[in-house]
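Commentary on secondary and tertiary structure
The chain contents come next:
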Amino acid sequence: MVLTGAGISAESGLRTFRAVEGLWEDHRIEDVATPEGYQRDRQLVHDFYNQRRAAAAAAKPNAAHLALAEFEAAFAGEFLLVTQNVDDLHARAGSKRVLAMHGQLNRMHCDNCGQVTDAPPVCRPDMRCQHCQAGLLRPHVVWFGEMPLFMEEISAALADCNLFIAIGTSGQVYPAAGFVRIAAAAGAHCIEANLEASAVAAGFDEQRLGLATEIVPQILAEIA
Ligand code: OAD
C-alpha cells in the first residue's frame, strides 16, 4: 500500500503546501480550503482551484509517478495507491487502483445532492447542478472539517497490508498522517520516502530521504 502527498508532484512543477513558497504561504487555509471560506467568498475559492486545475493540466507525470504505475502493472500481489493529491498525475502515469482521498481537481460535486461531474477548465460560482437543478457545483475537493473520501476501503487495506510506503507527505494532516500507525499495528513494514523526516517519521521502520524521482524508482526496484 502506498500513500502519496504533494511532494511526489513537486518535481512535476506543482507547488506543495507547507514549504517556503508553498501554497499555504500565499493563501489562508480558512479562506480557500474550508466550507466556511466557500460560504464567504465562492469566487475566491473557485479562482484558487481554477489556478490549480490549470497548473495540474500543464504538468506531466514524473519518474516517481511512472515508477508506481509500472510497479503496479508488474506486481502479482494486491496493490493500492492512496493519494492526498488532487492532481491527476497518478492516473495519467497509468496507475489503475488509485483512491484520491482528498478529491480531484478535474471533478465538481453538487452542494445539494452530492452528484459528481467533470469540471470544465474554468469553474464559476453560479454553475448549477444539472442533476437536481437545485444546488451549485463546487470543487470536488475535501476541505478542512470535511470527511476524506474512501475511508472504509482505506481502513480495510491498512488492516490487511504488509508493506506501507508513504511518499512526499509532511505527516501533518490527519487522518492520512495516522495511516502509518495503523499499518504498523497490522504488522506492515513501513517505509517513509520524503525530502526530509516528516512529523510522523518515528512511526516508520525505514527512512529514505531524497527526491521522489530518485528514491521512489530505487525503492520499488528493490521490492519488485
Ligand atoms: P505538504 O506540503 O504538507 O508536504 C509535502 C512534503 O513533501 C514535505 O514533507 C516535503 O519535504 C516533501 N517534498 C517536497 N518536495 C519533494 C520531492 N521532490 N521529493 C520528495 N519529497 C518532497 O503536502 P501534503 O503532506 O501532501 O489537504 O499535505 C497534506 C494535505 O494538506 C494536502 O492533501 C492538502 C493540504 O492542506 C487538503 O487540502 C485537504
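Residues numbered from 1 in each chain as written. Predicted model: local features only at pLDDT ≥ 70, side-chain atom pairs only at ≥ 80, totals over all residues. Heavy atoms only, no water.

Describing unusual backbone geometry
A cis amide bond links tyrosine 174 to the next residue, proline 175, at an omega of 10°. Secondary-structure assignment places proline 175 in the loop between strand S7 (163-167) and helix H8 (179-185). Positive phi, close to 65°, is recorded for glutamine 133, a residue that is not glycine. Its identity as a non-glycine residue notwithstanding, phenylalanine 150 has a phi of 60°, on the positive side. Here phenylalanine 150 shows up in the loop between strand S6 (137-141) and helix H7 (151-160). A relative accessible area of 35% means that phenylalanine 150 is categorised as partly exposed. (Helix = DSSP H or I, 4+ residues; strand = E, 2+ residues; numbered from the N terminus. Buried < 20%, exposed > 50% of the residue type's maximum accessible area, 1.4 Å probe, protein only.)

Let's talk about the pattern of salt bridges
One pass over the structure, following the stated rule, counts ten salt bridges. One salt bridge connects arginine 15 with aspartate 26, and the closest N-O pair in it is separated by 2.8 Å. Placement of arginine 15 in the loop between strand S1 (2-4) and helix H1 (23-26) and of aspartate 26 in helix H1 is noted, with a sequence separation of eleven residues between them. For glutamate 206, the salt bridge identified is with arginine 208, shortest N-O distance 3.1 Å. For glutamate 206, a relative accessible area of 26% corresponds to the partly exposed category. The exposure class of arginine 208 is buried, given its relative accessible area of 17%. Taken together, the shared-partner salt bridges connect Arg28, Asp31 and Arg40 into one network. (Salt bridge = Lys/Arg side-chain N within 4 Å of Asp/Glu carboxyl O.)

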